[in-house]
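Here are the chains, one letter per residue:
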There are 4 protein chains.
Amino acid sequence: MQLGLVGLGKMGYNMRERLRADGHEVVGYDRDQQVADASSITAMVAELTAPRTVWVMVPHGEPTSSTVRELAGLLDAGDLVIEGGNSRYTDDRDNAALLAESGISYVDVGVSGGVWGAENGYGLMAGGETADVQRAMPIFDTLRPAGERAKGFVHAGPVGAGHYAKMVHNGIEYGLMQAYAEGFELLAASDLVTDVAGTIKAWSHGTVVRSWLLDLLVRAMEQDPELEQLQGYVTDSGEGRWTVEESINHAVPTPAITAALFARFASRQDDSPAMKAVAALRNQFGGHAVQSSDGE
Amino acid sequence: MQLGLVGLGKMGYNMRERLRADGHEVVGYDRDQQVADASSITAMVAELTAPRTVWVMVPHGEPTSSTVRELAGLLDAGDLVIEGGNSRYTDDRDNAALLAESGISYVDVGVSGGVWGAENGYGLMAGGETADVQRAMPIFDTLRPAGERAKGFVHAGPVGAGHYAKMVHNGIEYGLMQAYAEGFELLAASDLVTDVAGTIKAWSHGTVVRSWLLDLLVRAMEQDPELEQLQGYVTDSGEGRWTVEESINHAVPTPAITAALFARFASRQDDSPAMKAVAALRNQFGGHAVQSSDGE
Amino acid sequence: MQLGLVGLGKMGYNMRERLRADGHEVVGYDRDQQVADASSITAMVAELTAPRTVWVMVPHGEPTSSTVRELAGLLDAGDLVIEGGNSRYTDDRDNAALLAESGISYVDVGVSGGVWGAENGYGLMAGGETADVQRAMPIFDTLRPAGERAKGFVHAGPVGAGHYAKMVHNGIEYGLMQAYAEGFELLAASDLVTDVAGTIKAWSHGTVVRSWLLDLLVRAMEQDPELEQLQGYVTDSGEGRWTVEESINHAVPTPAITAALFARFASRQDDSPAMKAVAALRNQFGGHAVQSSDGE
Amino acid sequence: MQLGLVGLGKMGYNMRERLRADGHEVVGYDRDQQVADASSITAMVAELTAPRTVWVMVPHGEPTSSTVRELAGLLDAGDLVIEGGNSRYTDDRDNAALLAESGISYVDVGVSGGVWGAENGYGLMAGGETADVQRAMPIFDTLRPAGERAKGFVHAGPVGAGHYAKMVHNGIEYGLMQAYAEGFELLAASDLVTDVAGTIKAWSHGTVVRSWLLDLLVRAMEQDPELEQLQGYVTDSGEGRWTVEESINHAVPTPAITAALFARFASRQDDSPAMKAVAALRNQFGGHAVQSSDGE
């Protein structure tokens with residue numbers, strides 16, 4: 001089917017490739033004219049036949065909001081906007097309400113798979129009205145991995161549910177990565193296991209911990225067996241924070257996911273103010289700093 | 001090759017099947033004579049041709065120790081004992097030292113895969129002398145998953161390293177399960193995601209969180225979509241505790257794995273003594289219990 | 001000085017007593033006419049001489065907001081509203097902005113001390129303009145504990161800073177209570193320490209862990225040495241959640257405070273959905289439930 | 001009464017002062033002859049009148065063990081050894097058993113209070129036979145804070161119970177310090193609270209979080225308001241680790257205390273191997289490192 005696609009970055013660019021390879025007609029727009037098919041969003045919309053479907057794939061927050069606002073002014077009743085970025089689910093409600101004023105439908109889709117999605121297909125989680133989701137199914141069927149639809153796509157619920165599911169997915173991802181990372185550090189700290197990279201590689205098949213993330217860790221360690229070329233500095237892009245905030249809203253204990261988030265925060269600190277306070281306290285009750293580990 | 005196998009429970013029984021199917025000669029012993037090939041360990045040893053190889057696959061702790069002691073009295077110099085249970089790595093040192101007094105070699109092997117190993121092969125982590133590990137390689141090659149050896153087997157280091165690697169593997173496993181579990185609970189708590197089981201199933205392909213454990217969760221939810229038939233009561237069998245203890249010994253922070261362990265502890269409590277103390281404190285400073293949430 | 005006081009619950013009632021005992025003139029209003037001095041907020045305002053000072057001490061959220069809105073319509077330019085409840089600091093900005101439209105000043109005050117404040121004085125943390133804080137200082141000096149002002153009162157910063165400081169105070173309080181509670185549970189679980197209540201009481205003087213909260217725990221255990229009469233069910237009233245949310249906003253790791261919050265969440269669950277998922281997973285890979293602790 | 005005292009470091013030296021000031025006769029030994037009263041342990045014992053009481057106050061582990069062994073050879077049946085250092089409770093059993101062979105009694109005492117104990121008295125937790133504990137009560141009554149005995153001393157149980165109680169005390173201490181430290185860091189991260197040191201000082205009286213540790217934090221911040229002169233590097237001396245290990249042995253969840261321990265571990269790492277692994281994973285699935293926060 002025909003699709004307008006706003007945002008041709010690492011994700012959008014690959015998605016256009018995958019869609020075209022499967023016979024869809026994609027009119028892509030990006031600020032980078034070297035990759036864009038249309039010179040502006042207005043021009044892109046003009047190339048589409050009503051009822052139009054436009055996929056938005058730009059960074060979440062203001063870039064997505066302003067794109068939706070612009071589309072609200074350009075599209076017509078009966079058109080459909082699909083928000084495929086990493087928006088917070090609460091933003092979806094605002095987007096949908098704005099577009100609904102013009103009779104434009106809205107579906108939010110959480111997209112997982114990173115740079116590997118181009119080849120493997122993307123895991124998709126959609127939120128919205130059933131009719132709207134059905135309408136875009138040819139697109140979803142191409143983007144998702146081949147095989148059984150239910151193993152790579154879900155219509156998770158109403159508007160916002162797609163990004164909610166993706167948020168939780170990413171929260172889990174934080175926890176999974178932290179678990180592997182802790183295990184790696186412990187193996188590396190042991191003087192008994194002399195082949196750490198080989199041990200992790202041996203977990204690739206047959207074990208309970210085998211996974212795609214493990215395969216990626218094996219891949220990373222094949223290039224750098226002791227991970228010496230990397231700094232233990234890890235940023236976070238929102239979904240992990242939102243997951244913990246949602247867990248607080250619902251009074252759901254999420255200690256492992258939260259531990260993963262806090263470990264990232266700590267990884268970015270040159271020094272820990274909290275640990276300064278602990279050091280100060282130990283100094284106070286234990287005497288001089290150099291003796292502070294004696295008294296208590 | 002020829003192998004004596006002590007312990008024909010859920011794991012040992014399946015391993016015998018897999019070994020025989022690949023042409024090995026297995027003489028199995030178990031207290032359950034219905035599944036045993038030999039009537040005693042002595043009889044089993046008598047059926048083996050020196051230099052013998054005996055695989056021990058009984059519960060860790062005293063059952064394993066007493067089996068190793070018995071084998072020490074029955075085997076000869078040049079024989080080999082493989083400990084494939086879930087022993088703590090420190091026990092391996094004792095086992096190896098005892099057997100070395102009689103010139104018997106020792107290899108410890110961590111075995112992962114559960115009931116699925118019969119079909120998929122088992123992930124194997126071995127510790128011991130290189131010559132001893134090489135000697136048992138035909139057995140390992142049959143038990144491990146088909147394909148590249150390094151993706152299902154590792155010689156992780158000297159005696160103890162196999163079980164150390166398995167211990168860390170299980171610690172990671174605790175963390176992975178906890179991460180999925182927290183995500184599941186949050187999805188279930190949300191009223192936005194209306195298809196929780198479908199969402200988790202949709203993560204099976206293409207997503208970053210896809211894994212064998214996820215596949216098992218999908219499988220469990222196909223039988224019981226809301227997991228209503230299960231109690232949230234989870235035991236632990238040692239490796240998780242040992243992992244945290246080792247992380248303390250090496251001053252390695254393992255907050256996610258530890259969170260998983262503590263969540264299991266809490267799952268087995270009818271009431272939390274700690275929370276009684278918190279309730280008592282709030283009652284003390286806030287006034288009467290029924291008003292305790294007011295003052296502070 | 002003269003003060004209008006809206007809200008004569010457990011906190012407000014005691015504060016009126018303490019203020020009057022020190023010679024202030026308090027006109028109190030409460031929906032409960034049995035404790036009120038004025039029949040309505042309007043009547044209360046009418047009894048005050050301009051420039052008026054009105055202290056709001058009602059539950060946070062809508063009760064506080066509606067009270068502030070009503071005061072905005074009744075007070076005059078030059079009057080001062082003090083918000084002493086447990087409002088979130090973000091609400092203070094809204095309150096201050098609304099009142100500023102009518103030229104009314106606003107100070108937020110975090111008040112700690114619970115039911116004991118009547119006797120001991122209350123710890124106070126104020127936010128607002130310096131002139132406004134100074135104007136209410138006679139009130140603060142009476143409410144705070146006797147002695148050095150700086151050891152029971154702080155002008156923490158601009159509007160919102162008082163409640164921000166109180167929020168962090170309460171977050172710390174969560175962590176402190178959790179630490180004592182965990183220690184209590186461990187002592188109680190040990191069969192070595194035969195006098196748990198006596199041990200905790202012995203910490204009252206001389207030790208590093210002595211505190212007012214410890215004194216309260218001793219007091220609770222004098223009435224119920226094993227805390228048998230209490231359920232380990234603990235509610236939470238907002239500040240703990242906000243503290244964790246703020247720590248996320250500022251990328252500050254707060255694992256101990258968060259652990260305390262999650263322990264409260266868990267204390268209110270009959271069964272843990274997350275632990276159902278872990279049990280389901282173990283069942284899947286380990287075989288039948290009754291044998292699930294064997295394979296892995 | 002008369003007391004031999006082995007170890008005149010920061011703790012032992014002050015204790016001798018406090019004991020002498022209250023009229024006890026103390027014969028102290030230390031490797032540092034400048035502070036010692038006797039030239040050797042043998043000489044010290046020779047100066048005591050049977051039945052003798054000797055207090056051991058040297059670092060835990062080998063220094064304590066070798067001192068106890070030496071005393072076992074010098075003392076007579078009917079004498080009493082008091083172990084006042086920070087021994088692990090399991091060591092007490094070994095010590096008591098060794099001394100019992102010679103008919104020598106043994107009491108273990110956890111001592112809290114740090115350098116402040118000289119002036120305030122020390123919190124004491126004793127383990128042993130009632131008769132042995134009673135025999136040393138004049139010493140305990142002098143060392144503990146003045147006032148009610150039960151508020152500074154406890155006979156917690158049999159041999160080992162004193163150090164067990166002290167271990168838990170220190171575990172709690174870890175948690176308390178972590179809670180204050182997290183609150184400090186959050187206050188410092190906020191741009192709303194402009195007087196962080198003043199806010200913490202204001203918590204000194206009237207608030208729920210007031211404590212001796214808070215007083216020490218106030219004291220530290222009076223010298224260095226932003227704790228700029230300290231590094232956030234915190235060692236640990238055993239009791240925190242043992243507390244977590246005991247909590248694992250008893251299946252008691254101790255997330256806040258464990259968080260405090262792990263924060264100390266992390267404070268001593270230049271870079272986190274675990275976070276290298278997380279960074280490696282994000283790099284793998286998200287594309288080039290510089291873009292790694294985009295894809296997921």
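How each quantity is defined
- Per-chain numbering applies: the sequence of each chain, read as written, is numbered from 1 onward.
- Note on labels: chains are lettered from A, ligands numbered from 1, in written order.
- Residue-level local features of this predicted model are given only where pLDDT is at least 70; pairs of side-chain atoms are given and counted only at 80 or more, and the full residue set underlies all totals for whole chains, interfaces and linings.
- The basis for every side-chain value is the complete set of non-hydrogen atoms in the structure, without hydrogens or water.
- In what follows, residue pairs with any heavy atoms lying within 4.5 Å of each other are defined as contacts.
- Two parts placed together each lose some accessible area; with a 1.4 Å probe, that loss summed over both constitutes the buried area.
- When a carboxyl oxygen of Asp or Glu is within 4 Å of a side-chain nitrogen of Lys or Arg, the pair counts as a salt bridge.
- Each copy is superposed on the other by least squares, with the fit set by C-alpha atoms of residues at a pLDDT of at least 70 in both.
- Domains are outlined according to an automatic or database domain assignment.
- Polar contact criterion, stated in full: a pair of N or O atoms within 3.5 Å, where within protein one must be able to donate a hydrogen and the other to accept it, and residues adjacent in sequence count only if both atoms are side-chain atoms.
- For the purposes of this entry, the term helix denotes a DSSP run of H or I that reaches at least four residues, the term strand denotes a run of E that reaches at least two, and both are numbered from the N terminus.
- Angular values range over 0 to 180 degrees, each being the angle between N-to-C directions of two axes fitted as lines to C-alpha atoms, with helices fitted over their stretch in contact.
- Under this scheme an angle from 65 to 115 degrees is roughly perpendicular, one under 35 degrees roughly parallel, and one over 145 degrees roughly antiparallel; angles in between are oblique.
- Amino acids outside the nonpolar list (Ala, Val, Leu, Ile, Met, Phe, Trp, Tyr, Cys, Pro) and the charged list (Asp, Glu, Lys, Arg) are all regarded as polar, and Gly is one of them.
- Exposure is judged per residue with a 1.4 Å probe applied to protein chains only, and the accessible area is read against the type maximum: over 50% gives exposed, under 20% gives buried, and values in between give partly exposed.
- Looking down the strands as they point away from you, a crossover is right-handed if its path from the first strand over the helix to the second goes clockwise.
- Strand pairing follows a simple DSSP-based rule, namely that at least 2 bridges must link the two strands.

Chemist: With reference to specific residues and values, describe the interface of chain A and chain B.
Modeler: Across the boundary between the two partners, chain A contributes 72 residues, which contact 72 residues of chain B. A buried area of about 5900 Å², summed over both sides, lies between chain A and chain B, and 72% of it is on carbon and sulfur atoms. Three residues stand out in chain A for area buried against chain B, namely A:L186, A:L192 and A:V208, and they jointly supply 13% of the buried area on that side. Counting across the interface, chain A meets chain B through two salt bridges. As a salt-bridge pair, B:E148 and A:K201 come within 3.2 Å of each other at their nearest N and O atoms.

Chemist: Got a sec to walk through the relation of the copies chain D and chain C? Specific residues and values, please.
Modeler: For the match of chain D to chain C, the screw axis carries a shift of 0.0 Å, the RMSD comes to 0.0 Å, and the turn is 180°. Taken together, the turn and the small shift mark the pair as related by a two-fold rotation axis. Take the interface residues of chain D: 100% of them recur as interface residues in chain C, which is what a same-surface contact looks like.

Chemist: Just give me the short version of the domain arrangement of chain A, but keep the residues and values in it.
Modeler: All names here are of chain A. Taken domain by domain, chain A consists of domain 1 (2-158) and domain 2 (167-267). For domain 1 versus domain 2, the separation of C-alpha centres amounts to 30 Å. Each side of the interface is counted separately: domain 1 has ten residues, and domain 2 has nine residues. Of the roughly 850 Å² buried between domain 1 and domain 2, counting both surfaces, carbon and sulfur atoms make up 55%. Broken down residue by residue, the surface that domain 1 buries against domain 2 is led by R88, Y89 and W116, which jointly contribute 59%. Run the count over domain 1 and domain 2 and you get one salt bridge. Between E245 and R88 there is a salt bridge; the shortest N-O distance is 2.6 Å. The tally of links between domain 1 and domain 2 comes to five residue pairs in polar contact (both at pLDDT 80 or more).

Chemist: Explain the interface of chain D and chain C to me, using residue names and the numbers behind them.
Modeler: Accessible area lost when the parts come together is the quantity often used to give the size of an interface. Taken together, the 72 residues of chain D in the interface contact 72 residues of chain C. A per-residue breakdown of the area chain D buries against chain C is headed by D:L186, D:L192 and D:V208, which together make up 13% of the total. Our count for the contact surface shared by chain D and chain C stands at two salt bridges. Our enumeration of links across chain D and chain C arrives at 20 residue pairs in polar contact (both at pLDDT 80 or more). For the side of chain D that touches chain C, the secondary-structure elements that each account for two or more residues are α4 (89-100), β6 (123-127), β7 (153-157), α8 (161-189), α9 (196-202), α10 (212-223), α11 (239-249) and α12 (255-267) of chain D.

Chemist: Residue-level account of unusual backbone geometry, with values.
Modeler: The peptide bond linking B:A50 to B:P51 adopts the cis configuration, its omega dihedral lying at -5°. Along the polypeptide, B:P51 turns up in the loop between α2 (41-47) and β3 (53-56). The backbone of B:L227 sits at a positive phi, close to 55°, despite the residue not being glycine. Take B:L227: it is sitting in the loop between α10 (212-223) and α11 (239-249). For D:A251, which is not glycine, the phi torsion reads 55° and is therefore positive. Structurally, D:A251 can be placed in the loop between α11 and α12.

Chemist: Any details on the side chain of D:K201? Residues and values, ideally.
Modeler: Counting through the fold element by element, D:K201 comes out in helix α9. Once you skip the residues sitting within four places of it in the chain, D:K201 turns out to touch C:E148, C:A150, C:K151, D:V218 and D:E222.

Chemist: How would you summarise the packing of helix α8 (residues 161-189) of chain A against helix α12 (residues 255-267) of chain A if you had to cite specific residues and measurements?
Modeler: All names here are of chain A. α12 packs onto α8 with a crossing angle of 75° between their chain directions and a minimal axis gap of 8 Å. Classified by the interaxial angle, the pair formed by α8 and α12 is roughly perpendicular. Two secondary-structure elements touch here, α8 through G171, I172, Y174, G175, M177 and Q178 and α12 through I257, A260, L261, A263 and R264. Classifying every residue of the contact of α8 with α12 gives seven nonpolar, three polar and one charged.

Chemist: Can you tell me about the pairing of strand β5 (residues 105-112) of chain D, naming the residues and giving the values?
Modeler: Residues and elements named next belong to chain D. Burial within β5 is extensive, with eight of its eight residues counted as buried. Here β5 shows a buried face lined by S105, V107, V109 and V111 and a second buried face lined by Y106, D108, G110 and S112. Running through α4, the crossover from strand β4 (residues 80-83) to the neighbouring parallel element β5 is right-handed. Where β5 and β6 come together, five bridges link them in antiparallel fashion. Considered in β6, the bridge of D108 is made with G127.

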